[in-house]
Amino acid sequence: MDLNSASTVVLQVLTQATSQDTAVLKPAEEQLKQWETQPGFYSVLLNIFTNHTLDINVRWLAVLYFKHGIDRYWRRVAPHALSEEEKTTLRAGLITNFNEPINQIATQIAVLIAKVARLDCPRQWPELIPTLIESVKVQDDLRQHRALLTFYHVTKTLASKRLAADRKLFYDLASGIYNFACSLWNHHTDTFLQQVSSGSEAAILSSLERTLLSLKVLRKLTVNGFVEPHKNMEVMGFLHGIFVRLKQFLECSRNIGTDNVCRDRLEKTIILFTKVLLDFLDQHPFSFTPLIQRSLEFSVSYVFTEVGEGVTFERFIVQCMNLIKMIVKNYAYKPSKNFEDSSPETLEAHKIKMAFFTYPTLTEICRRLVSHYFLLTEEELTMWEEDPEGFTVEETGGDSWKYSLRPCTEVLFIDIFHEYNQTLTPVLLEMMQTLQGPTNVEDMNALLIKDAVYNAVGLAAYELFDSVDFDQWFKNQLLPELQVIHNRYKPLRRRVIWLIGQWISVKFKSDLRPMLYEAICNLLQDQDLVVRIETATTLKLTVDDFEFRTDQFLPYLETMFTLLFQLLQQVTECDTKMHVLHVLSCVIERVNVQIRPYVGCLVQYLPLLWKQSEEHNMLRCAILTTLIHLVQGLGADSKNLYPFLLPVIQLSTDVSQPPHVYLLEDGLELWLVTLENSPCVTPELLRIFQNMSPLLELSSENLRTCFKIINGYIFLSSTEFLQTYAVGLCQSFCELLKEITTEGQVQVLKVVENALKVNPILGPQMFQPILPYVFKGIIEGERYPVVMSTYLGVMGRVLLQNTSFFSSLLNEMAHKFNQEMDQLLGNMIEMWVDRMDNITQPERRKLSALALLSLLPSDNSVIQDKFCGIINISVEGLHDVMTEDPETGTYKDCMLMSHLEEPKVTEDEEPPTEQDKRKKMLALKDPVHTVSLQQFIYEKLKAQQELLGEQGFQSLMETVDTEIVTQLQEFLQGF
């Protein structure tokens, strides 16, 4: 591409590509795509985006196409790779001038230079770093800033490379430029500090921006540029200097307003200082050891003493707390139980920690956390009043939760209390003692203090296990507090019920549960919405607990379920509705069929909620989960839900519908439990199976559930289902078997096996295309035992239950293998006998014995030739299934089922589903469970004897090992 002639054309097409008119835009994009691989195209783009007189949008687009080209065509091995000559020209052009006036374009240019550096620096681009270093020294403000911006992006990119050779290059780079980077940072920092008191806002912002960028460079060099950074004096000098600079910057915040750009940049710089320390601690814990004392002193003084008053801000406090937490929890600083097994570095760090965390220090931290940071703020109390649902979402982990102060203080408290529980337990117990009895509702401060202490007791529940008699405290203190109905007492009602939820799985007597359920029923009628939502959360923890007893809960079930349903209707936020639905689901799951009398209102409401939640897929997931538990609880009565249920399943499992991305997993689970609990098939239930074929093509992690659904249809209505869908299903299975895993093959074949078991006549016909595949696998001796076992299970069903079909299959395979039928049958029997040990399931082992015995009586020489193997398998089968009656001394086939027994279901067991009942009915028709193997062998041997005569039969029996014959005779005693 000639630069002079091409520039005008490319510029014109780029201009068209910025158009809002798709008729102009699309052809331009197609043309640019064609040019991507043309030599010289990227040189033209470089000329365009470095020409500051052109339209900004056109230059922006040129930069993006250039960046895209680096990703695709810069590597030497890439298809249509750029020539080395053009790359040399481009590299030189990229760093000729750092004078881009537009911030957004300057950032993109810095990023694309970094992308090239990742591939070429330093080997093919040795001049990059020296050029950047020279450029950041210039006096021109714009050039200096752009060079510094590029310096940062290049350093960041090179620091992210992970191969050993690349790491070595970065170590060399860091060693070479670290001194300069420190000097640069100190220069810009000093300039900023001077201008804070005398300079204009623009000058302050400019110098602060450079301080921030140079600090970002130093962060990458310090954290990623040294193997043993503690041995480098410059590195450790910089890190120790951070605490001095942090104090200076925090003091500067007094002179900068709270609502301007400078303030925002200043706070970002302060946070970046803390990130340097946190990253360094994370990557180099032992190199951080000399900084432990100073880090703790600094953080504790600013967070827990008056030093921080007027200068700290929330994000800074969070970072300081994270620093304390990381030092306290750091595994590298924890000695082994046997101190002698610990490294000297670990012992040194541990010693510094122990020297700092004295009793007075720990006590003060604990008291300040509880009495200051745990207190509900005015802002939180206002939010409670004005947006109660928003308040509960924030409290339970909203989007901003990760970086907000409250959860950070709670996590720090938990970690410190766990680490120093022997010291802090008496402190917290003392705080509890001072709060016995009711609190004056007029004293808001006292109420908030009690709320904070109760919060601490809940967070430290596991640590306080041996120190608090929670049962007595519940009866004598907490229960009475729940009964104080004054509006100003609501923070405590909410906190107490939360506190009980924290202790329920730690230490709570089962006998006290009814008292708690009574309290929950009352609180679910509380005037305050936040209290009701928190009560629902505690109810969930209660029913989820290991010691939950249904009999204790049932007297309160109707009241609780009704009140939860009312709460579900009342709340309006998606997150809150999901939460309450989750509680309802847990209750339904635990009480199972006992829920049936009370679900009418919920069943009527869910269709409306489903319709309202069209734009909220996560809420719809919660509805699906609720429906799953509802169907399980309703059993066969769930058929009444089909007008709503089946369209929901249809939508959730239709891969052509966008919501399936969110709903598919739960939708499939709902489909499965609906089938398992369906008393009979309906046309609508049969129709939604049309969704299955695309699901099988997905071959996703949901495939196992799909196979269970297919099996569910086979057990529910095999004839109707197979006649409608078997042809398409068989095609899908044939495709799957070509590319699926071993486990997947087994799942496919189990479906076929179930179809043959349920419908021995129709099954083989419908899955006829798969059976040659199975036969071939047996003959060729499939190497995976689990697959071979399934092959033999499938073939055993055909041979035993549909002899005529087996004959036609044998004939078909004889033609394919170009062998005689008898010869092929002999090969199959021989392989079956040889691989019998692959079969581990007793049912399949008995099936194999029955199937091979079904070939008798026979005068076929091949079958007689394999008679010994058939008898061997039969005796193995007898060993598997025969149990001796100790009273009579006779043997009995333990797999025989003479009548349908309804087992008694204990309280902890789920009652049998409709599918479980269908499987039991099926077992009553299955030869494996209705035919005595002992008798079957006797009858087949007798028939063979009658066919061959005594002498011929004796000759046949002599081919069997005498030990096997002896065992056989023992099993057949009495016949």
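Here, residues in each chain are numbered from 1, in the same order as that chain's written sequence. Given that the model is predicted, a residue must reach a pLDDT of at least 70 before its local features are reported, and side-chain atom pairs must reach 80 or more before they are shown or counted; all residues, however, enter totals for whole chains, interfaces and linings. The basis for the side-chain values is all heavy atoms of the structure; hydrogens and waters are excluded.

Draft legend 1. Structural context of the overall build of the chain. Looking only at helices and strands, the chain features 47 helices and 2 strands. Atoms counted for the radius of gyration: C-alpha only. Globule rule: 2.2 Å times the number of residues to the power 0.38. Its C-alpha atoms give the chain a radius of gyration of 38 Å, more than 25% over the compact-globule value 30 Å for 975 residues. C-alpha atoms of the chain, sized along the principal axes, occupy 120 × 90 × 70 Å. Only protein chains enter the accessibility calculation, which uses a 1.4 Å probe. A residue is then buried if its area is under 20% of the maximum for its type, exposed if over 50%, and partly exposed in between. Across the 975 residues that make up the chain, the buried fraction comes to 53%. Should any heavy atoms of two residues lie within 4.5 Å, those residues are counted as being in contact. Restricting the contact set of the chain to residue pairs at least 6 apart, pairs at least 24 apart contribute 74%. Counting only carbon and sulfur atoms, one obtains 50% of the accessible surface of the chain, whose full area is about 44300 Å². Of note, the chain has its 87 positive side-chain charges centred 5 Å away from the centre of its 122 negative side-chain charges. Counting from the N terminus, the helices are the DSSP runs of H or I reaching at least four residues and the strands are the DSSP runs of E reaching at least two. Accessibility throughout is a Shrake-Rupley quantity obtained with a 1.4 Å probe, and a residue counts as covered only by protein chains that appear here. Note that His is not counted, nor are the chain ends; the positive residues are Lys and Arg, and the negative ones are Asp and Glu. Charge positions are represented by NZ for Lys, CZ for Arg, CG for Asp and CD for Glu.

Draft legend 2. Focus on the domain arrangement of the chain. Boundaries of every domain are those given by an automatic assignment or by a domain database. The domain architecture assigned to the chain consists of domain 1 (1-160), domain 2 (164-348), domain 3 (596-679) and domain 4 (874-972). Here the C-alpha centroids of domain 2 and domain 4 sit 78 Å apart.

Draft legend 3. Focus on the nonpolar core. Residues Phe413, Trp671, Ile710 and Phe733 are the most contacted members of the largest nonpolar core, which totals 343 residues. For this core, the element with the most residues is helix α34 (residues 703-739), which contributes 17 residues. When neighbours within four sequence positions are excluded, Trp671 is seen to be in contact with Ile649, Thr653, Ile688, Phe689, Asn691, Met692, Leu695, Ile709 and Tyr713. Working definition of a nonpolar core: buried Ala, Val, Leu, Ile, Met, Phe, Trp, Tyr and Cys residues. They are joined through side-chain atoms within 4.5 Å.

Draft legend 4. Structural view of the pattern of salt bridges. A pair is scored as a salt bridge if a Lys or Arg side-chain nitrogen falls within 4 Å of a carboxyl oxygen belonging to Asp or Glu. As enumerated under the stated definition, the model contains 42 salt bridges in all. For Arg59, the salt bridge is made with Glu100, and the minimal N-O distance between the two is 2.1 Å. A residue pair is termed long-range when its members are at least 10 positions apart, and Arg59 in helix α4 (residues 56-73) and Glu100 in the loop between α5 (84-94) and α6 (103-120) qualify at 41 residues. For the pair shown, Arg59 and Glu100 are each scored as buried. Across the pair Arg406 and Glu380 runs a salt bridge whose closest N-O atoms are separated by 2.8 Å. Here the residue Arg406 occupies a position in helix α19 (residues 405-419), and Glu380 occupies one in helix α17 (residues 378-386), the gap between them amounting to 26 residues. Judged by relative accessible area, which is 11%, Arg406 ranks as buried.

Draft legend 5. Fine view of the packing of helix α10 (residues 201-224) against helix α12 (residues 261-283). To get an axis, fit a line to the C-alpha atoms, keeping to the stretch in contact for a helix; angles then go from 0 to 180 degrees between the N-to-C directions. Remark: α10 packs on α12, axes separated minimally by 10 Å, with the N-to-C direction vectors making an angle of 10°. By the angle between their directions, the pair α10 and α12 is classed as roughly parallel. Considering only residue class, the contact of α10 with α12 consists of 13 nonpolar, 4 polar and 8 charged. If an angle is under 35 degrees, it is roughly parallel; if it is over 145, roughly antiparallel; if it lies from 65 to 115, roughly perpendicular; otherwise it is oblique. By the convention adopted, Pro, Cys, Tyr, Trp, Phe, Met, Ile, Leu, Val and Ala count as nonpolar, Lys, Arg, Asp and Glu as charged, and the other residues, Gly among them, as polar.

Draft legend 6. Structural detail: the UniProt feature "domain: Importin N-terminal" (unreviewed entry) in the chain. In the numbering used here, UniProt assigns the "domain: Importin N-terminal" (unreviewed entry) feature to residues 28-100. End-to-end, the C-alpha atoms of residues 28-100 are 26 Å apart, and along that stretch the chain is 63% helix and 0% strand. UniProt positions are given in the numbering used here, feature names are shortened, and annotations may be inferred rather than shown by experiment.

Draft legend 7. Representation of a negative patch on the surface. Any residue with relative accessible area above 30% and no salt bridge may belong to a patch, with like charges joined within 9 Å and the nonpolar Val, Leu, Ile, Met, Phe, Trp and Tyr side chains within 5 Å. On the surface, a cluster of negative charge is made up of Glu386, Asp387, Glu573 and Asp575. Relative to the assigned elements, Asp575 resides in helix α27 (residues 574-591).

Draft legend 8. Main features of the side chain of Arg918. Take Arg918: it is sitting in helix α44 (residues 914-923). Salt bridges are absent for the buried Arg918, whose nearest opposite-charge side chain, Glu914, sits at 4.9 Å. In contact with Arg918, not counting residues within four places along its chain, are Leu675, Glu676, Ser678, Pro679, Phe715 and Leu716.

Draft legend 9. The arrangement of the packing of helix α16 (residues 359-373) against helix α20 (residues 421-433) in detail. The geometry of α16 relative to α20 is characterised by a closest axis approach of 10 Å and an angle of 40° between their N-to-C directions. Put simply, α16 runs oblique to α20. Considering only the axes of α16 and α20, their crossing is right-handed. In contact with Tyr359, Leu362, Thr363, Cys366, Arg367 and Val370 of α16, α20 contributes Thr423, Leu424, Val427, Glu430 and Met431. Put simply, a crossing is left-handed when the front helix is turned counterclockwise from the back one by less than a right angle, and right-handed when it is turned clockwise.

Draft legend 10. Molecular detail of the packing of aromatic side chains. Aromatic contacts are taken between Phe, Tyr and Trp rings whose centres are within 6.5 Å, Trp giving its six-membered ring; a plane angle under 30 degrees counts as stacked, one over 60 as edge-to-face, and the others as tilted. Within the structure shown, the criterion is met by 40 aromatic pairs. An angle of 15° between the planes, with centres 6.2 Å apart, marks the rings of Phe733 and Phe767 as stacked. Pair noted here: Phe733 is in helix α34 and Phe767 is in the loop between α36 (762-766) and α37 (771-779), with a separation of 34 residues, a long-range link. You'll find Phe733 and Phe767 in the same group, each marked buried. Following the ring pairs from residue to residue traces out a cluster consisting of Tyr454, Phe470, Trp473, Phe474, Trp503 and Phe508. Here the basic side chain of Arg495 rests over the ring of Trp498, its NZ or CZ set 4.8 Å away from the ring centre. The residue whose ring lies beneath Lys507 is Phe465, and the NZ or CZ to ring-centre distance is 5.0 Å. Charges are assigned to positions over rings by a cutoff of 6 Å between ring centre and Lys NZ or Arg CZ, combined with an angular limit of 35 degrees from the ring normal.

Draft legend 11. Looking closely at unusual backbone geometry. Residue Pro122 is bonded to the preceding Cys121 through a cis peptide linkage, with omega at 5°. Turning to its location among the elements, Pro122 is positioned in the loop between α6 and α7 (128-135). Residue Pro857 is bonded to the preceding Leu856 through a cis peptide linkage, with omega at -5°. Within the secondary structure layout, Pro857 lies in the loop between α41 (842-853) and α42 (861-865). Backbone geometry places His80, a non-glycine residue, at a positive phi of 60°. Within the secondary structure, His80 is located in the loop between α4 and α5. Given the relative accessible area of 57%, His80 is considered exposed. You will see that Asn818, though not glycine, has its phi angle at about 55°, which is positive. As for its placement among the helices and strands, Asn818 is situated in the loop between α39 (803-817) and α40 (821-834).

Draft legend 12. Expanded view of helix α9 (residues 164-198). Expected span, for any helix, means 1.5 Å times one less than how many residues it has. Look at α9: 49 Å from first C-alpha to last across 35 residues, which is about the 51 Å you get at 1.5 Å a residue. The angle between axes fitted to the seven residues ending at a residue and the seven residues starting there is what we call the bend at that residue. Residue Ile177 marks the point of greatest curvature in α9, where the axis turns by about 50°.

Draft legend 13. Broad picture of the confidence of the model for the chain. Summing up the model confidence of the chain, the mean pLDDT is 93 and the portion of residues at 70 or higher is 97%. In predicted models, pLDDT denotes the confidence assigned by the predictor to each residue on a 0 to 100 scale. Segment residues 398-402 is flagged for pLDDT under 50; beyond a separation of four residues in sequence, or across chains, it makes 6 contacts in the model.

Draft legend 14. Structural detail: the side chain of His284. Of note, His284 is situated in the loop between α12 and α13 (289-304). Setting aside residues up to four positions removed in sequence, His284 forms contacts with Thr222, Val223, Phe226, Val227 and Pro229.

Draft legend 15. Local environment of helix α25 (residues 529-544). Between the first and last C-alpha of α25 there are 23 Å, a value that for 16 residues agrees with the 22 Å anticipated at 1.5 Å per step. The buried fraction of α25 amounts to 14 of the 16 residues, a majority that puts the element mostly inside the structure.

Draft legend 16. The arrangement of the environment of Lys892 in detail. You can see Lys892 is positioned in strand β2 (residues 891-893). Taking the C-alpha atoms as reference points, Lys892 and Leu933, 41 residues apart in sequence, are found 9.4 Å from one another. In this view, Lys892 contacts Val881, Met882 and Thr883; residues no more than four positions away in its chain are not counted.

Draft legend 17. Fine view of the environment of Thr538. With respect to the helices, strands and loops of the structure, Thr538 is situated in helix α25. For Thr538, a relative accessible area of 1% gives the class buried. As for Thr538 and Thr572, which are separated by 34 residues in sequence, their C-alpha atoms are 21 Å apart. Beyond its immediate stretch of four places on either side in the chain, Thr538 contacts Ile497, Trp498 and Gly501.

Draft legend 18. Fine view of the state of the cysteines. Cysteine sulfur atoms that come within 2.5 Å of each other are treated as a disulfide pair. In the structure shown here, the tally under the stated rule is 0 disulfides. Lacking any disulfide linkage, Cys320 is separated from the closest cysteine sulfur, that of Cys408, by 9.7 Å. According to the relative accessible area criterion, Cys320 is buried, its value standing at 2%. Free cysteine Cys734: the closest other cysteine sulfur is in Cys730, separated by 4.6 Å.

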